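# A structural walkthrough
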Amino acid sequence: MNNIMTIIKKELARFFGDRRLVFTTVIMPGLLIYLMYTLMGEGMMKQLTTADDYVAKAYAVNMPEDVKMMASSLRMEWEDWDGNPADKERVLKEIEEGEKDLLVYFPENFTADVEAYNMENKAPNVELYYNSEKSNSETAYQMMQSFLKGYEETMVNKYDVNAGMGEGVFGKYDMASDAGIIGKMLSGLLPMLIMTFIFSGCSGVAPESIAGEKERGTIATLLVTPVKRSALALGKVISLSIIALLAGVSSFLGTILSLPKMMGDEVDLNVVSYSISDYLLLLVVIISTVLVIVSIISIVSASAKSVKEATTMMAPFMIGVMLISILPMLGADIGGKAAYAIPLFNSVKAMAAIFGFKTDLVMALVSVGVNLVATGLLVTVLTKMFDNENVMFGK
Amino acid sequence: MEELLQVKGLRKTFTLSAKQQKLENTKEKVKVAVDGLSFTAYKGEVFGLLGPNGAGKTTTLRMLATLIKPDAGDAILDGASVVSQPELVRSKIGFLTSELKLEDFFTPNYQFDFFSGLYGVKPEVAAQRKKELFERFGIDKFAEVKVGNLSTGMKQKVSLVVSLVHDPDVVIFDEPTNGLDVLTAKVVTDFLLDLKARGKSIIVSTHIFSLIEKICDRVGIVIAGKMVTCDTLEAICAGKPLEDRFFEIYEEKVGRIDE
Ligand SMILES: Nc1ncnc2c1ncn2[C@@H]1O[C@H](COP(=O)(O)OP(=O)(O)OP(=O)(O)O)[C@@H](O)[C@H]1O
Ligand SMILES: [Mg+2]
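Residues numbered from 1 in each chain as written. Chains lettered and ligands numbered in written order. Predicted model: local features only at pLDDT ≥ 70, side-chain atom pairs only at ≥ 80, totals over all residues. Heavy atoms only, no water.

### Focus on the overall build of chain A
Helices and strands together make up the secondary structure of chain A, namely 14 helices and 6 strands. Taken over C-alpha atoms, the radius of gyration comes to 31 Å for chain A, far larger than the 21 Å a tight globule of 395 residues would show. Taken along the three principal axes of its C-alpha coordinates, chain A extends 100 × 50 × 40 Å. Intrachain contacts of chain A at a sequence separation of at least 6 include 74% that bridge at least 24 residues. Each charge class in chain A can be summarised by its mean position, and for the 32 positive and 43 negative side chains these summaries are 19 Å apart. (Helix = DSSP H or I, 4+ residues; strand = E, 2+ residues; numbered from the N terminus. Rg over C-alpha atoms; globule rule 2.2 N^0.38 Å. Contact = heavy atoms within 4.5 Å. Lys, Arg positive; Asp, Glu negative; His and termini not counted. Charge placed at Lys NZ, Arg CZ, Asp CG, Glu CD.)

Below, the structure written as structure tokens:
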């Protein structure tokens with residue numbers, strides 16, 4: 001017990017004594033993720049949205065009076081144009097360059113043609129000229145298009161389905177709560193992010209700490225002391241878990257803090273309110289997950305001859321962990337309850353449930369139990385490896 | 001005389017990789033490094049393993065320190081078997097060989113405390129011991145310099161001191177003076193004699209005759225993994241310098257050296 005503590009203390013002293021290591025494994029991932037997602041989010045917003053109070057500038061040719069009346073509710077400033085081909089170039093250039101946003105061209109006898117329309121003759125065509133590269137123009141185009149669809153419906157209207165602002169006599173048509181929708185999104189995304197962060201946190205330190213000690217011959221100095229190999233294995237796994245957890249928390253904070261910026265207006269994170277017990281359960285699940293991942297990476301590192309080899313050997317495991325963590329994104333409850341018997345996959349499922357507001361306390365605790373048993377087995381394997389001269393000193 | 005260590009038929013083979021076969025210029029897949037080695041060392045004595053390069057000295061000492069397991073045979077060290085009680089053996093010995101490295105990142109001061117902790121030495125005792133050993137080997141001035149920044153000789157002295165944090169009764173040193181200048185080498189040999197005077201038992205391996213002549217009570221000559229002779233220094237030398245006797249024994253057992 002004492003020896004485990006001594007080894008943990010040394011590992012942590014080694015890690016925290018090295019400012020560069022702390023910066024690259026703990027601080028940088030969170031910071032990078034925050035900056036990257038924030039920039040990405042802002043970039044996307046700039047592309048997709050126009051300022052809310054923008055009034056689009058549009059030309060109208062032959063616009064019927066009743067359409068004009070109804071269109072006055074749109075955020076558009078209309079300018080009539082007679083459609084004289086002599087001015088065509090000027091008008092189109094204005095739209096191309098973004099001075100004007102839209103040209104709406106009605107055929108000359110639009111109203112009469114519409115009334116005369118039956119299956120035999122061609123329907124009159126309203127033409128909209130715009131520039132999809134300019135977000136203001138694109139927005140004006142979308143706005144006008146849906147306006148004209150609506151106008152068409154009023155002309156032949158017999159009945160509506162779910163008319164109005166998404167609410168009927170009994171309240172909202174779509175019963176999904178805002179929180180439910182966001183929960184669904186987060187339960188697909190966050191488990192994967194968390195698993196990835198934990199893994200990269202571990203793979204930043206474990207190869208140094210185990211393969212590195214082998215490579216430099218410092219592990220031999222530990223092995224001639226009377227310290228039990230199991231104490232050595234546990235000490236390594238626990239200290240590496242602490243470091244990996246810190247790296248994971250940093251990345252997680254970076255993600256959570258940048259999420260509102262990345263998702264823009266669609267996500268009102270205020271509706272995402274998990275309870276304290278949800279957070280606690282999440283933490284316990286995460287800790288058990290970290291232990292399993294660190295144990296796996298430690299075993300991989302112990303079997304490698306050098307840090308470089310360890311890092312290379314890590315790749316397939318990284319891909320494996322990524323694969324099982326994107327499964328919840330596919331939506332279906334893969335594997336049902338039996339799947340909770342699979343280490344790591346059970347963490348992904350348990351986390352997805354918590355983020356989706358469907359916390360299943362029993363299954364989450366089962367996952368933690370399974371992961372702890374798996375950690376125990378893996379640490380036993382690691383102990384055996386520390387006791388095996390071919391693994392420790394093999395060339 | 002009380003027996004300290006009984007080595008009984010120790011054998012160790014290594015499976016050579018293709019690369020190692022090339023390096024050693026051999027077609028054999030298996031290298032017999034130690035071939036049925038037996039000897040006895042006594043309490044309070046200095047026992048020297050003498051042999052040419054590749055004789056199997058380091059391999060033998062690594063088995064005694066339980067870093068590697070013998071293919072056959074056993075050694076009983078102060079009542080503990082290296083095969084069945086490796087942890088007990090490790091707690092009794094201080095082992096030094098060039099293979100054991102210290103982490104560059106930490107200072108000698110930190111290393112001493114860390115290893116004292118692992119051996120379960122009480123902090124007050126460890127502090128006192130650290131002061132004495134650091135002064136004796138001139139480490140005190142470098143106590144706060146990271147090991148990575150120390151000279152090779154100073155690193156070796158720190159390794160030596162670290163192997164003694166628990167004041168073991170049995171000291172096993174592999175080539176303790178290799179790579180040290182004459183002054184530092186003298187500090188180490190004098191220190192070994194001091195240990196002996198304090199009743200410690202010492203086992204050293206070396207190919208340096210003068211070191212054996214200076215400190216050893218009993219010598220075992222190892223050639224090609226086998227114990228060729230093992231007796232008191234006087235009995236082996238029989239009035240001649242050790243070096244001359246070594247060549248005589250070598251030619252008698254192996255054949256002419258220039259052949
Ligand atoms: N891990 C290993 N793999 C393969 N061969 C080995 C290994 N360790 C030692 N040997 C071989 O075993 C033989 C004995 O090696 P050992 O290091 O014990 O010799 P030594 O007496 O200490 O020599 P030196 O005086 O050069 O240190 C040598 O031929 C060496 O090449
Ligand atoms: Mg040697």
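### Some words on the overall build of chain B
The number of helices and strands found in chain B is 10 helices and 10 strands. Here the C-alpha atoms of chain B give a radius of gyration of 19 Å, agreeing with the 18 Å that 2.2 N^0.38 yields for 259 residues. Its C-alpha atoms give chain B principal-axis dimensions of about 55 × 45 × 35 Å. For chain B, restricting intrachain contacts to residue pairs at least 6 apart in sequence, the fraction spanning at least 24 positions comes to 67%. Surface summary for chain B: the accessible area is close to 12100 Å², and the carbon and sulfur share equals 51%. Averaging the coordinates of the 35 positive side-chain charges in chain B and doing the same for the 37 negative ones gives two points 4 Å apart. (Areas by Shrake-Rupley, 256 points an atom, 1.4 Å probe, with all protein chains shown as cover.)

### Quick word on the sheet that holds strand E9 (residues 218–223) of chain B
Residues and elements named next belong to chain B. Spatially, E6-E7-E8-E3-E9-E10 is the arrangement adopted by the 6 strands of the open sheet, whose pairing is mixed. This sheet does not close on itself; its edge strands, each paired only once, are strand E6 (93–96) and strand E10 (226–232). On average, each strand axis in the sheet is inclined to that of its neighbour by 15°, with strand direction left out of account. Bridging between strand E7 (residues 170–174) and strand E8 (residues 201–206) involves 5 bridges; their strand directions are parallel. Counterpart to valine 170 in the pairing with E8 is serine 201. The sheet strands contacting helix H2 (residues 57–64) are strand E3 (46–50), E6, E7 and E8, and the helix crosses E7 at an angle near 150°. (Pairing = 2+ DSSP bridges. Axes fitted to C-alpha atoms, helices over the stretch in contact; angles between N-to-C directions.)

### A few points about the state of the cysteines
Residue and element names in this part refer to chain B. Enumeration over the complete set of coordinates arrives at 0 disulfides over all chains. The thiol of cysteine 230 is not disulfide-bonded; the next cysteine sulfur, from cysteine 216, is found 11 Å away. The partly exposed category is assigned to cysteine 230, whose relative accessible area is 32%. Considering cysteine sulfurs only, cysteine 216 is the nearest to cysteine 237, which forms no disulfide, with 10 Å between them. Judged by its relative accessible area of 9%, cysteine 237 is buried. (Disulfide = S-S within 2.5 Å. Buried < 20%, exposed > 50% of the residue type's maximum accessible area, 1.4 Å probe, protein only.)

### Quick word on the interface of chain B and chain A
Of the residues lining the interface, 24 residues belong to chain B; the matching set on chain A comes to 27 residues. The junction of chain B with chain A conceals about 2400 Å² of combined surface from both sides, 62% of it contributed by carbon and sulfur atoms. Considering only the surface of chain B that becomes buried against chain A, Arg90, Glu103 and Leu118 of chain B emerge as the three largest contributors, covering 25% of it. In this assembly, chain B and chain A are joined by 4 salt bridges. Taken together, chain B and chain A are joined by 8 residue pairs in polar contact (both at pLDDT 80 or more). At the level of secondary structure, the elements contributing two or more residues to the side of chain B that touches chain A comprise helix H3 (86–92) and helix H4 (108–118) of chain B. In terms of residue count, H4 of chain B provides more of the side of chain B that touches chain A than any other element does, 5 residues in total. Grouping the constituent residues of the side of chain B that touches chain A by class yields 12 nonpolar, 4 polar and 8 charged. (Buried area = accessible area lost by both parts, 1.4 Å probe. Salt bridge = Lys/Arg side-chain N within 4 Å of Asp/Glu carboxyl O. Polar contact = N/O pair within 3.5 Å; in protein donor to acceptor, adjacent residues only side chain to side chain. Nonpolar A, V, L, I, M, F, W, Y, C, P; charged D, E, K, R; others polar.)

### Some remarks on the site of ligand 1
All names here are of chain B. Taken together, 16 residues sit near ligand 1, with Gly54, Gly56, Lys57, Thr58 and Thr59 positioned nearest. One of the backbone nitrogen or oxygen atoms of alanine 55 is found 3.2 Å away from an oxygen atom of ligand 1. Within the contact set of ligand 1, an oxygen atom lies 2.6 Å away from a side-chain nitrogen or oxygen of threonine 58. Compared with its free state, where it exposes 640 Å², ligand 1 has 75% of that area covered by protein. Put simply, the parts of the chain that give the shell around ligand 1 at least two residues each are helix H1 (18–24), strand E2 (30–42) and H2. (Near = heavy atom within 4 Å.)

### Re the packing of aromatic side chains
Applying the stated criterion across every chain yields a total of 13 aromatic pairs over all chains. Where phenylalanine 137 of chain B meets phenylalanine 191 of chain B, the ring centres are 5.0 Å apart and the plane angle is 70°; that geometry is what we call edge-to-face. Linking phenylalanine 137 of chain B in the loop between helix H5 (123–136) and helix H6 (152–162) with phenylalanine 191 of chain B in helix H7 (residues 182–197), this pair joins segments that are 54 residues apart in sequence. Pair check on accessibility: phenylalanine 137 of chain B and phenylalanine 191 of chain B agree, each one buried. Measuring from ring centre to ring centre gives 6.1 Å for phenylalanine 246 of chain B and tyrosine 250 of chain B, while their planes differ by 40°; the resulting arrangement is tilted. Taken together, the positions of phenylalanine 246 of chain B and tyrosine 250 of chain B, both in helix H10 (residues 242–253) and 4 residues apart, correspond to about one turn of that helix. One aromatic cluster in this structure is built from Phe209, Phe246, Phe247 and Tyr250 of chain B. The ring of phenylalanine 105 of chain B carries the charged tip of arginine 14 of chain A above its face, separated from the ring centre by 4.1 Å. Directly above the ring of phenylalanine 393 of chain A sits arginine 62 of chain B, whose terminal nitrogen or CZ lies 5.0 Å from the centroid. (Phe/Tyr/Trp six-rings, centres within 6.5 Å; stacked < 30°, edge-to-face > 60°. Lys NZ or Arg CZ within 6 Å of the ring centre and 35° of its normal.)

### Focus on the confidence of the model for chain A
Overall, the prediction assigns chain A a mean pLDDT of 85, with 91% of residues at 70 or greater. Helix H13 (residues 361–386) of chain A holds the highest mean pLDDT among the elements of chain A, 96, whereas strand E6 (residues 171–172) of chain A holds the lowest, 74. (pLDDT = per-residue confidence, 0-100.)

### Details of the packing of helix H10 (residues 276–303) of chain A against H13 of chain A
Residue and element names in this part refer to chain A. In the contact formed by H10 and H13, the axes pass within 9 Å of each other and the chain directions differ by 20°. The orientation of H10 with respect to H13, classified from their angle, is roughly parallel. In this structure, H10 crosses over H13, and the sense of that crossing is left-handed. Among the residues making up the contact of H10 with H13, the classes are represented as 19 nonpolar, 7 polar and no charged. (Parallel < 35°, antiparallel > 145°, perpendicular 65-115°, else oblique. Left-handed = near helix turned anticlockwise from the far one by under 90°.)

### Considerations on the domain arrangement of chain A
As far as domains go, chain A holds domain 1 (2–44 + 178–393) and domain 2 (56–172). The distance between the C-alpha centroids of domain 1 of chain A and domain 2 of chain A comes to 55 Å. (Domains from an automatic or database assignment.)

### Here's the deal with the nonpolar core
Within soluble globular proteins, side chains that are nonpolar tend to cluster in buried spots. Formed by 152 residues in total, the largest nonpolar core has its most connected members in Phe355 of chain A together with Leu5, Phe95 and Ile172 of chain B. Here the element with the most residues in this core is helix H7 (residues 178–216) of chain A; it accounts for 15 residues. Setting aside anything within four residues of it in sequence, one finds phenylalanine 95 of chain B in contact with Val224 of chain A together with Leu61, Arg62, Ala65, Leu67, Leu100, Ser163 and Ile172 of chain B. Counting 19 residues, the second largest nonpolar core, distinct from the first, contains Met63, Ala71, Tyr141 and Leu148 of chain A. (Core = buried A, V, L, I, M, F, W, Y, C linked by side-chain atoms within 4.5 Å.)

### A closer look at the pairing of strand E1 (residues 56–61) of chain A
All names here are of chain A. With 5 of 6 residues buried, E1 is to be regarded as a mostly interior element. A crossover links E1 with its parallel partner strand E2 (residues 76–80), the connecting element being helix H3 (residues 65–71), and its sense is right-handed. Here E1 pairs with strand E3 (residues 102–105) via 4 bridges, running parallel. Across the sheet, residue alanine 58 finds its bridge partner in E3, namely leucine 102. (Right-handed = clockwise from strand over helix to strand, strands pointing away.)

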